2 protein chains.
Amino acid sequence: MTKNENEMKLGAFFMIPGHHVAAWRHPEAEADQIMNFDFIKRLAQTAERGKFDMIFLADGYAVRAKDKTALSQSVHTLFEPFTLLSALSAVTRSIGLAATVSTTYNEPFNVARKFASLDHLSGGRAAWNVVTSNTEGEAKNFSQEQHLQHAKRYERAEEFVDVVTKLWDSWEDDALVIDKESALFADPSKIHSINHKGEWFSVEGPLNISRPVQGHPVVIQAGSSEDGKELAARTAEVIFTAWQTLEEAQGFYADVKGRMKKYGRSPDELKIMPGIFPVIGRTEGEADKNKQLLEELIPEESGVALLSGMISVNLSGYPLDGPLPDLPDLDQVNGGKSRFKLLKDLADREGLTIRKLYQRIAGARGHREIKGTPEQIADQMQEWFENGAADGFNIMPPHLPGGLDDFVDLVIPELQKRGLFRTEYSGHTLRENLGLKRPSSNVGKKVKEMIETNK
Amino acid sequence: MTKNENEMKLGAFFMIPGHHVAAWRHPEAEADQIMNFDFIKRLAQTAERGKFDMIFLADGYAVRAKDKTALSQSVHTLFEPFTLLSALSAVTRSIGLAATVSTTYNEPFNVARKFASLDHLSGGRAAWNVVTSNTEGEAKNFSQEQHLQHAKRYERAEEFVDVVTKLWDSWEDDALVIDKESALFADPSKIHSINHKGEWFSVEGPLNISRPVQGHPVVIQAGSSEDGKELAARTAEVIFTAWQTLEEAQGFYADVKGRMKKYGRSPDELKIMPGIFPVIGRTEGEADKNKQLLEELIPEESGVALLSGMISVNLSGYPLDGPLPDLPDLDQVNGGKSRFKLLKDLADREGLTIRKLYQRIAGARGHREIKGTPEQIADQMQEWFENGAADGFNIMPPHLPGGLDDFVDLVIPELQKRGLFRTEYSGHTLRENLGLKRPSSNVGKKVKEMIETNK
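Conventions we followed
- Every chain is numbered on its own, with residues counted from 1 as its sequence reads.
- Chains carry letters from A onward and ligands carry numbers from 1 onward, assigned in written order.
- A pLDDT threshold of at least 70 governs which residues receive local features in this predicted model, and a stricter bar of 80 or more applies before side-chain atom pairs are shown or counted, although totals over entire chains, interfaces and linings include all residues.
- Working from all heavy atoms in the structure, the side-chain values ignore hydrogens and water.
- For the purposes of this entry, the term helix denotes a DSSP run of H or I that reaches at least four residues, the term strand denotes a run of E that reaches at least two, and both are numbered from the N terminus.
- This radius of gyration counts C-alpha atoms alone. The globule rule is 2.2 Å times how many residues there are, raised to the power 0.38.
- Burial status follows relative accessibility: with a 1.4 Å probe on protein chains alone, a residue under 20% of its type maximum counts as buried, one over 50% as exposed, and anything between as partly exposed.
- In these tables, accessible area is a Shrake-Rupley quantity obtained with a 1.4 Å probe, and a residue counts as shielded only by the protein chains included in the view.
- Contacts: residue pairs with any heavy atoms within 4.5 Å of one another.
- Summed over both partners, the accessible area (1.4 Å probe) lost when two parts come together is defined as the buried area.
- Salt bridges are defined by distance alone: a side-chain nitrogen of Lys or Arg within 4 Å of a carboxyl oxygen of Asp or Glu.
- Pairs of N or O atoms within 3.5 Å make up the polar contacts considered here, provided that, within protein, one atom can donate a hydrogen while the other can accept it, and that residues adjacent in sequence are counted only when both atoms are side-chain atoms.
- We call Asp, Glu, Lys and Arg charged. Ala, Val, Leu, Ile, Met, Phe, Trp, Tyr, Cys and Pro are nonpolar, and the rest, Gly among them, are polar.
- UniProt positions are given in the numbering used here, feature names are shortened, and annotations may be inferred rather than shown by experiment.
- Here the copies were fitted onto each other by least squares, based on C-alpha atoms from residues at pLDDT of at least 70 in both.
- Side-chain rings of Phe, Tyr and Trp, where Trp is taken by its six-membered ring, are said to pair if the distance between their centres is within 6.5 Å; with planes under 30 degrees apart they count as stacked, over 60 as edge-to-face, and otherwise as tilted.
- Strand pairing requires that DSSP identify at least two bridges connecting the strands.

Chain A is annotated in an unreviewed UniProt entry as Nitrilotriacetate monooxygenase from Niallia nealsonii.

In structure tokens form, the structure reads like this:
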């Protein structure tokens, strides 16, 4: 095992001003700074001081809810990931920059190009969290009556990722010559049309930007459904996923890594990073108090609206201190299937009321919450990391900047002391820091051969 | 006349590594730095030192030519504007950031959102140069066999701009309350669905980002066709245009400003900024030498390819030192109509050979070239500015960084000495520096009234 493999990978999942639905009400949250770049720049520089592998941004193409309660009580204004991460690239040096970008309401040429541009701007620090869009609100912002059915979204996503990858490879690594004397700027035999013709897209190429510094920006996926696992085994380099128990996480880890062989990939070409919502206290009592403070800040209507949105069932009107009503079968759900199942199982397993369930998910949103002292949090991360459940974690601070400051100042030093996390960046690119190989530009030659074979 | 109105507006049109087709071969051009952000950051900081109103980026969605000559001899790799300008926003303070973004191969929700995000990131410095895409190469990168016909492109563009504007107004200026005590983050009565249903788009809204700092990012247009002039008179705040003679420029200026009244707009709500390609020398002889050096650096095949692309007629095979062949009628051109007409007229007027014509346009690409000492260049700018031909200029440096350095160090001080250009930024936002009013968020209320009327 190399040193690299002994160390976990960490993402800093920024949701401004924190992952908890009531984060903005936290006494220390700088809620009035959420549209101020200098605030987010400070957060990014803190994450880089903590040697996080990457900053991770979620995304969506609509306000998350339109009822007056949700609009009034929670945060519905956010920066767009490409623009924000590009700005952050100019004020950081080593940390990766991961943008969630949907394959449902974008065009592959535009997405390939923006990631290539971000990768060049940042000197090789870009990553793409590939998602599909699954809400009616998003469909209606893109001239659609309904959002695409689950399987169709994944078909489109698979082809989308293929086209983007081909476009990144449409310039070979050494295509730029830049010889002033002979007037040879680029070698045209190393710039290829891709001539993709598929069910969803026809794209001729080449891209109008040279091959990304990393060859391909790192590809992240999040889906944990059957379709999602298969796509990830074939194309993902990082999986961001949600599990509550060690056993579930181990099962998922073995399942996905086991599917990779048939695509000619080795298990270490994919890093599985479950989300963690850390509630940190210098003592257990302080951690409990921090958690309780956040729970008390959730307005009841907001809690119900949040939970309703996550399971695609309207829960308003049901008694808060009673159980969940009967829910539809999984195969009738056309939203996030894995999240629906996770929450239903959690409520059944622990006999949670609606109130307890929304309090539970109001921060972590289905991801694992770890509450305790820095040592206790490090213990639990270590347990998963050393027992085939995770290659690292995506850290979801409850509120900002405090939740991130505490993780960097208290938990990271504990992980470093145990030899579980880097004390300095070892690579120049995100790919190097994650221990992922750079895709060869032979891929470009393969495309060329394929095209010539098809002629 | 306020001080503001006495001063011309200036854009720094960055084409990396310069506007001249052979710029990258210039002995001083840092051609190997074109994909290096630090190089472009240095250019942006030079432009800001010169107190330019804005950095202006052109754009396209395909390599400009696919023949081996063009691919090998000219620059076909460029940063994508949103990502580059966002990165520049973090390393500049006052200069505006203008991105060219097409209405043909994008969705209004995505474009409205990225500009709003850039405007928040930069503290109110974003501008949108609205264009349509008109090449077959671009169509084929977006699953289309052919590009849209000229009038259709403009119909789509008009509706696109309307939708984007409504989305910017979907949050009123004072929608964010952020009162932790009462759990009121936003006032839902000030966040509006737009419920747009048009021929091209159906968009429900609202946007998922609050109203831009400038209300609306500044809207720039470039088209000089009939369709383009009408769209500009209705919606543009800046026009970037190309004219060779004072008389033509005056005619255009009076024409467009004269069309504004019927849309309830006053002439000073629109700044007309022709492009200028300045070839600067400390003496006339030095300027001549600079020009000649650039002309000699144009490979013949590249010159012909460039000209062919600009008039949509393949000129290879015709004698370089003979005249243009017979060209098709204007109404058969489905590319850039105004550019076609300008070049045809120029060749006819001056009896230019193919070689002389490509040498003439290899830098300025149809825009006005001014060659001379700083005083001579300032004289010609002053003549247009004071005689109803221009409110300012978009400056197109032949090669970078030298062409920009010379303009900032030699021409700007001359303009400042004559009281024709600012010595400090007067405003915080681009809109303020350009002397343009901030659109009121009453527009948001108007949208609301309109929607309620339609219920």
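Back to the text.
Q: How would you explain the overall build of chain A if you had to name every residue and give the values?
A: Assigned secondary structure in chain A consists of 17 helices and 13 strands. The C-alpha radius of gyration computed for chain A amounts to 22 Å, which stays within 12% of the reference 23 Å derived for 455 residues, consistent with globular compactness. Viewed in the frame of its principal axes, chain A has a C-alpha envelope of about 75 × 50 × 45 Å. Residues counted as buried form 61% of the 455 residues belonging to chain A. Roughly 16700 Å² of accessible area belongs to chain A as shown, and the carbon and sulfur atoms make up 47% of that amount.

Q: Explain the interface of chain B and chain A residue by residue, including any values.
A: With 78 residues of chain B in contact, the opposing surface of chain A contributes 78 residues. Here chain B and chain A share an interface that buries about 6400 Å² over both sides, 60% of which is from carbon and sulfur atoms. Summed over the shared surface of chain B and chain A, the number is four salt bridges. With a shortest N-O distance of 2.5 Å, Asp59(B) and Arg113(A) are connected by a salt bridge. Summed over the shared surface of chain B and chain A, the result is 36 residue pairs in polar contact (both at pLDDT 80 or more). Broken down by secondary-structure element, the contributors of at least two residues to the side of chain B that touches chain A are α3 (68-73), α4 (81-89), α5 (108-121), β5 (176-179), β6 (184-186) and β8 (202-203) of chain B. Per-class residue counts for the side of chain B that touches chain A are 40 nonpolar, 21 polar and 17 charged.

Q: Tell me about the UniProt feature "binding site: FMN" (unreviewed entry) in chain A, and please be specific about residues and values.
A: All names here are of chain A. Mapped onto this structure's residue numbering, the UniProt feature "binding site: FMN" (unreviewed entry) falls at Asp59, Thr100, His150, Tyr154, Ser224 and Ser225. Along the polypeptide, threonine 100 turns up in strand β3 (residues 96-102). Leaving out residues up to four positions away in the same chain, threonine 100 has contacts with Phe56, Leu57, Ala58, Asp59, Pro81, Asn129 and Val131. At 2.6 Å, the side chain of threonine 100 and the backbone oxygen of leucine 57 are in polar contact.

Q: Pulling in residues and values, what's your account of the relation of the copies chain B and chain A?
A: Placing chain B over chain A gives an RMSD of 0.0 Å and needs a rotation angle of 180°, together with 0.0 Å of translation along the axis. In short, the pair behaves as if placed about a two-fold rotation axis. Residues of chain B ranked by C-alpha distance from the rotation axis are headed by Ala87(B), positioned 2.0 Å from it. Most of the interface of chain B is mirrored in chain A, where 100% of its interface residues are also at the interface.

Q: Can you tell me about the side chain of Asn433(A), naming the residues and giving the values?
A: Positionally, Asn433(A) belongs in helix α16 (residues 430-434). One polar contact links the side chain of Asn433(A) to the main-chain amide nitrogen of Ser426(A), over a distance of 3.2 Å.

Q: Break down the packing of aromatic side chains for me, with residues and values.
A: Residues and elements named next belong to chain B. A full pass over the atoms with the stated rule returns 28 aromatic pairs over all chains. Aromatic side chains phenylalanine 115 and tryptophan 128 sit 5.6 Å apart centroid to centroid with 35° between the ring planes, which places their arrangement in the tilted category. One end of the pair, phenylalanine 115, is in helix α5; the other, tryptophan 128, is in strand β4 (residues 126-131), with 13 residues separating them in the sequence. The same class applies to phenylalanine 115 as to tryptophan 128, namely buried.

Q: Break down the environment of Val213(A) for me, citing the residues and quoting the values.
A: All names here are of chain A. For valine 213, the location among the structural elements is in the loop between β8 (202-203) and β9 (218-221). By relative accessible area, which is 32% here, valine 213 ends up partly exposed. Among residues more than four places away in sequence, those in contact with valine 213 are Asp119, His120, Gly123, Gly124, Thr429 and Arg438.

Q: Summarise the pattern of salt bridges; cite the residues concerned and give the values.
A: Opposite charge on two side chains lets them pair, provided their charged atoms get close. All told, the structure shown has 66 salt bridges over all chains when counted by the stated rule. Through salt bridges with shared partners, a single network forms among Glu226(A), Lys229(A), Glu230(A), Asp255(A), Arg259(A) and Lys262(A).

Q: Can you tell me about the pairing of strand β13 (residues 392-395) of chain B, naming the residues and giving the values?
A: Residue and element names in this part refer to chain B. Burial along β13 is two-sided: the residues Gly392 and Asn394 and Phe393 and Ile395 are all buried. Bridge analysis of strand β1 (residues 9-14) against β13 gives four bridges, and the strand direction is parallel. Paired with glycine 11 across the bridge in β13 is asparagine 394.

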